[in-house]
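# Breakdown of the fold
One letter stands for each residue in the lines below.
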2 protein chains.
Amino acid sequence: MRLLALLDGTLADPEAAHVRVDDLGLTRGDGVFETVLVVDGRPRELGPHLDRLLRSARMLDLAVPALPEWERLFATVVAAWPEPGEFAVKLVCTRGAEYGDGTPTVFALAFSIEPHTVEKRRNGVSAVVLDRGFDPGLAERAPWLLLGAKTLSYAVNMAAQRHAASVGADEVIFTASDGSVLEGPTSTVVVVEGRTLRTPPASSGILPGTTQAALFRAAERAGWAAKVEPVLVDDLAAADGVLLVSSVRRIVRVRTLDGVDLPDATGPWTELSDLYEREYA
Amino acid sequence: MRLLALLDGTLADPEAAHVRVDDLGLTRGDGVFETVLVVDGRPRELGPHLDRLLRSARMLDLAVPALPEWERLFATVVAAWPEPGEFAVKLVCTRGAEYGDGTPTVFALAFSIEPHTVEKRRNGVSAVVLDRGFDPGLAERAPWLLLGAKTLSYAVNMAAQRHAASVGADEVIFTASDGSVLEGPTSTVVVVEGRTLRTPPASSGILPGTTQAALFRAAERAGWAAKVEPVLVDDLAAADGVLLVSSVRRIVRVRTLDGVDLPDATGPWTELSDLYEREYA
């Protein structure tokens, strides 16, 4: 099931063509996006997602619609989705047609959650560590590299996922050139150490995670400690648990890393998942 | 003037929509491209461009049409272009619609050369050196980063160009973390030292240049030496000339680097441009 909404509030056929071949989103990956989970008609972390979309757009000097227009677009999709349960909404804004009038291309594409996503939530994943090749100081030093912006230029993220699949793994954890942990291609890394959660800082050139922030909020309220500070790759194997968190997959246990079993994190994962879900109860 | 051709040999309206919103070229920058110059009905370096397109596609595990299909598509465009003189053709292949039947999206978009391109050819450009953040060994070590593949994920290349414009410069020369020269966002760097040309090796994670290869061929035949070996950023200011070469702009002099005048390279530039043009006479 899919449903496409355009900025003018109309619904459109998601299988029809709506984009020109000279759209800079297509020819240059020049645009931004967010993916938001909706459960029983209620979006999760819509505000933080839209804030991040606007922040990404600023990093790209991209003129995007204002917050109320995004909220209206989102509400259109939520109102039109015909099924109970959960679905996801991808919000996209590109720089528009290269030979056009400068109008950005904006749409919201809602889609059902796929069975393999549900399976990963339930059973956890295997992951491999892959070098992302940059040092943690680069993002601040070189803003033109757009580290920490959620752009449409995701070819590397997709190639890393394919590389993982080619060695029999489900997921990737990227590391910086100094051996510090960065993020997954489409997720935030959270390490569980006793009653403490830890995730790498956004200043290292990664996306600030909307789901990670919600999880930290919920966990802190329940007495956990939650720290945003560097995580070394060696910390992963030594931790009580490694989680990959993201909007659509929610909270996922990493069961093996580079083919080696990690400690069984079912206990803390169950508790943290419950705390996270209660944020929206 | 623009002209759009599809893989089935038909021409289509370049201002109409032809692409779905879930095309992975749009949502993930997941595809490859080449831009080929055509002068007086004759394409320049079409073979090397198509070879590079297929090489990029292999790096992305992307199923693309075979060489004869690309050649047919290209011939369609050349035959249909109604004006004399020169134009450029962008060849694009994406992974197709995410929720589709797996067919790649393929097209050729021909377009007139813009006046600012002609102006850069004639008058040269100002350039700034920007850190690309990776070391020259990374490409071989981390193939999932797609360094050296010409993908649609060009947001960083575009952001670097915008950064250059924001400090009053026309172009960018990227450097690696060890201070070695890489490439421009859409061009190859060539250094002139006496009667010797030098360009950095593709193994450093850059695109092998089709125009650079043609220029080296022509120059060597005329008695120049041409070397593919590392270039340090300090070599740029010390050289007799710095050139940025690319298909559409051809051979462009860098007049100033980070705001400092470089030696006047009009002499070697004129000779090398003549040699390059004679390749196609």
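Cut-offs and rules
Residues numbered from 1 in each chain as written. Chains lettered and ligands numbered in written order. Predicted model: local features only at pLDDT ≥ 70, side-chain atom pairs only at ≥ 80, totals over all residues. Heavy atoms only, no water. UniProt positions renumbered as here; feature names shortened; annotations may be inferred. Pairing = 2+ DSSP bridges. Helix = DSSP H or I, 4+ residues; strand = E, 2+ residues; numbered from the N terminus. Contact = heavy atoms within 4.5 Å. Axes fitted to C-alpha atoms, helices over the stretch in contact; angles between N-to-C directions. Core = buried A, V, L, I, M, F, W, Y, C linked by side-chain atoms within 4.5 Å. Buried < 20%, exposed > 50% of the residue type's maximum accessible area, 1.4 Å probe, protein only. Buried area = accessible area lost by both parts, 1.4 Å probe. Salt bridge = Lys/Arg side-chain N within 4 Å of Asp/Glu carboxyl O. Polar contact = N/O pair within 3.5 Å; in protein donor to acceptor, adjacent residues only side chain to side chain. Domains from an automatic or database assignment. Nonpolar A, V, L, I, M, F, W, Y, C, P; charged D, E, K, R; others polar. Least-squares fit on C-alpha atoms with pLDDT ≥ 70 in both. 1 Å grid on protein atoms, 1.4 Å probe; cavity = no way out; pocket = protein on both sides within 12 Å on 5 of 7 lines; lining within 4 Å. Points joined across faces, edges and corners; volume = space filled by probe spheres on them. Parallel < 35°, antiparallel > 145°, perpendicular 65-115°, else oblique. Expected span 1.5 Å × (residues − 1).

You'll find chain A entered in an unreviewed UniProt entry as Aminodeoxychorismate lyase, with Actinokineospora soli given as the organism. Regarding chain A, the relevant UniProt record gives this comment under Sequence similarities (unreviewed entry): "Belongs to the class-IV pyridoxal-phosphate-dependent aminotransferase family."

## Description of the sheet that holds strand β5 (residues 86-94) of chain A
Residue and element names in this part refer to chain A. Taken in spatial order, the 6 strands make up an open sheet running β2-β1-β6-β5-β3-β4, and their pairing is antiparallel. Only two strands of the sheet have a single partner each, and these edge strands are β2 (11-12) and β4 (42-43). Bridging between β5 and strand β6 (residues 105-112) involves 8 bridges; their strand directions are antiparallel. Bridging across to β6, Phe-87 finds its partner in Ser-112. Sheet contacts for helix α3 (residues 67-80): β1 (2-6), β2, β3 (31-39), β4, β5 and β6; angle to β5, the most-contacted strand, approximately 145 degrees.

## Things to note about the nonpolar core
Counting residues in each nonpolar core, the largest one holds 93 residues, and the members touching the most others are Trp-70, Val-89 and Leu-91 of chain A together with Trp-70, Val-89 and Leu-91 of chain B. For Trp-70 of chain A, the residues in contact, after removing those within four places along its chain, are Leu-50, Leu-53, Leu-54, Val-64, Pro-65, Leu-91, Val-92, Cys-93 and Val-106 of chain A. The next biggest cluster of nonpolar side chains, apart from the first, holds 25 residues, and it includes Leu-4, Leu-109 and Leu-207 of chain A together with Leu-152 of chain B.

## Side note on the interface of chain B and chain A
Tallying the contact residues gives 52 residues for chain B and 53 residues for chain A. Between chain B and chain A, roughly 4600 Å² of surface is buried when both sides are summed, and carbon and sulfur atoms account for 62% of that area. For chain B, the biggest contributors to the area lost against chain A are Val-21, Arg-28 and Trp-144 of chain B; these three give 18% of the whole. Across the chain B-chain A interface, the total number found is 6 salt bridges. In this structure, the salt-bridge partner of Arg-162 of chain A is Asp-30 of chain B, at a minimum N-O distance of 3.7 Å. At the boundary of chain B and chain A, one finds 19 residue pairs in polar contact (both at pLDDT 80 or more). Elements with a contribution of two residues or more to the side of chain B that touches chain A: β1 (2-6), α1 (24-28), β5 (86-94), β6 (105-112), β7 (125-131), α5 (138-141) and α6 (155-166) of chain B.

## Considerations on the domain arrangement of chain A
Residues and elements named next belong to chain A. By the assigned domains, chain A splits into domain 1 (2-113) and domain 2 (124-278). Taken over C-alpha atoms, the centre of domain 1 sits 25 Å from the centre of domain 2. The interface is formed by 26 residues belonging to domain 1 together with 20 residues belonging to domain 2. Carbon and sulfur atoms supply 60% of the area buried between domain 1 and domain 2, which totals about 1800 Å² over both sides. Put simply, domain 1 and domain 2 have 3 salt bridges between them. Residues Glu-45 and Arg-217 are paired through a salt bridge, measuring 2.9 Å at the closest nitrogen-oxygen approach. Where domain 1 packs against domain 2, one counts 11 residue pairs in polar contact (both at pLDDT 80 or more). A per-element tally of the side of domain 1 that touches domain 2 places β3 first, with 7 residues. For the side of domain 1 that touches domain 2, a count of residues per class yields 11 nonpolar, 7 polar and 8 charged.

## Side note on the relation of the copies chain B and chain A
The transformation that overlays chain B on chain A combines an axial shift of 0.0 Å with a rotation of 180 degrees, and the residual RMSD is 0.0 Å. These values place the two chain copies in the arrangement generated by a two-fold rotation axis. With an isologous cut-off of 70% or more, the 100% of interface residues of chain B that recur at the interface of chain A puts this contact in the isologous class.

## Describing empty space enclosed by the protein
Residue and element names in this part refer to chain B. Following the criterion strictly, the structure yields 3 cavities of 30 Å³ or more and no others. Estimates place the volume of the largest cavity at around 40 Å³. In terms of lining residues, the largest cavity is bounded by Lys-120, Val-125, Glu-171, Ser-187, Leu-244, Val-245, Ser-246, Arg-249 and Val-252. Per element, the largest residue contribution to the lining of the largest cavity is 3 residues, and it comes from strand β12 (residues 241-246). Here the residues of the lining of the largest cavity are counted per class, giving 4 nonpolar, 2 polar and 3 charged.

## So, the packing of helix α7 (residues 210-221) of chain B against helix α9 (residues 266-278) of chain B
Residue and element names in this part refer to chain B. Relative orientation of the contacting elements α7 and α9 amounts to 100 degrees, with a least axis distance of 9 Å. What the angle tells us is that α7 and α9 run roughly perpendicular. In this structure, α7 contributes Thr-211, Ala-214, Leu-215, Ala-218 and Ala-219 to the contact, and α9 contributes Leu-272, Leu-275 and Tyr-276. Looking at the contact of α7 with α9 residue by residue, the class counts come to 7 nonpolar, 1 polar and no charged.

## A closer look at the environment of Phe-174 of chain B
Within the fold, Phe-174 of chain B resides in strand β8 (residues 171-175). Spatially, the C-alpha atom of Phe-174 of chain B lies 4.9 Å from that of Leu-130 of chain B, the residues being 44 residues apart in sequence. Residues contacting Phe-174 of chain B, with those up to four places away along its chain left out, are Trp-144 of chain A together with Leu-130, Asp-131, Arg-132, Ala-160, Ser-180, Val-181, Leu-182, Glu-183, Gly-184 and Pro-185 of chain B.

## Some thoughts on helix α2 (residues 46-59) of chain A
Residue and element names in this part refer to chain A. The first and last C-alpha atoms of α2 sit 20 Å apart over 14 residues, in line with the 20 Å expected at 1.5 Å per residue. Looking at α2, one finds that the buried residues are Leu-46, His-49, Leu-50, Arg-52, Leu-53, Leu-54, Ser-56 and Ala-57. Considering only its buried residues, α2 is in contact with β3, β4, α3, β5 and α7 (210-221). Positive backbone phi, at 50 degrees, marks Asp-61, one or two positions downstream of α2.

## A closer look at the pairing of β7 of chain B
All names here are of chain B. For β7, the buried fraction is high: 6 of the 7 residues fall into the buried class. In the sheet, β7 pairs with strand β13 (residues 250-257) via 3 bridges, with the strands oriented parallel. Following the sheet pairing, Ser-126 is matched in β13 by Thr-256. Here β7 pairs with β8 via 5 bridges, running parallel. Residue pairing across strands places Ala-127 opposite Glu-171, the latter belonging to β8.

## Quick notes on the side chain of Ser-247 of chain B
Residues and elements named next belong to chain B. Looking at the element boundaries, Ser-247 is found in the loop between β12 and β13. For Ser-247, a relative accessible area of 10% translates into the label buried. Within polar-contact distance, the side chain of Ser-247 engages the side chain of His-49 at 3.0 Å. Residues in contact with Ser-247, not counting those within four places in the same chain, are Thr-35, Leu-37, His-49, Thr-210 and Thr-211.

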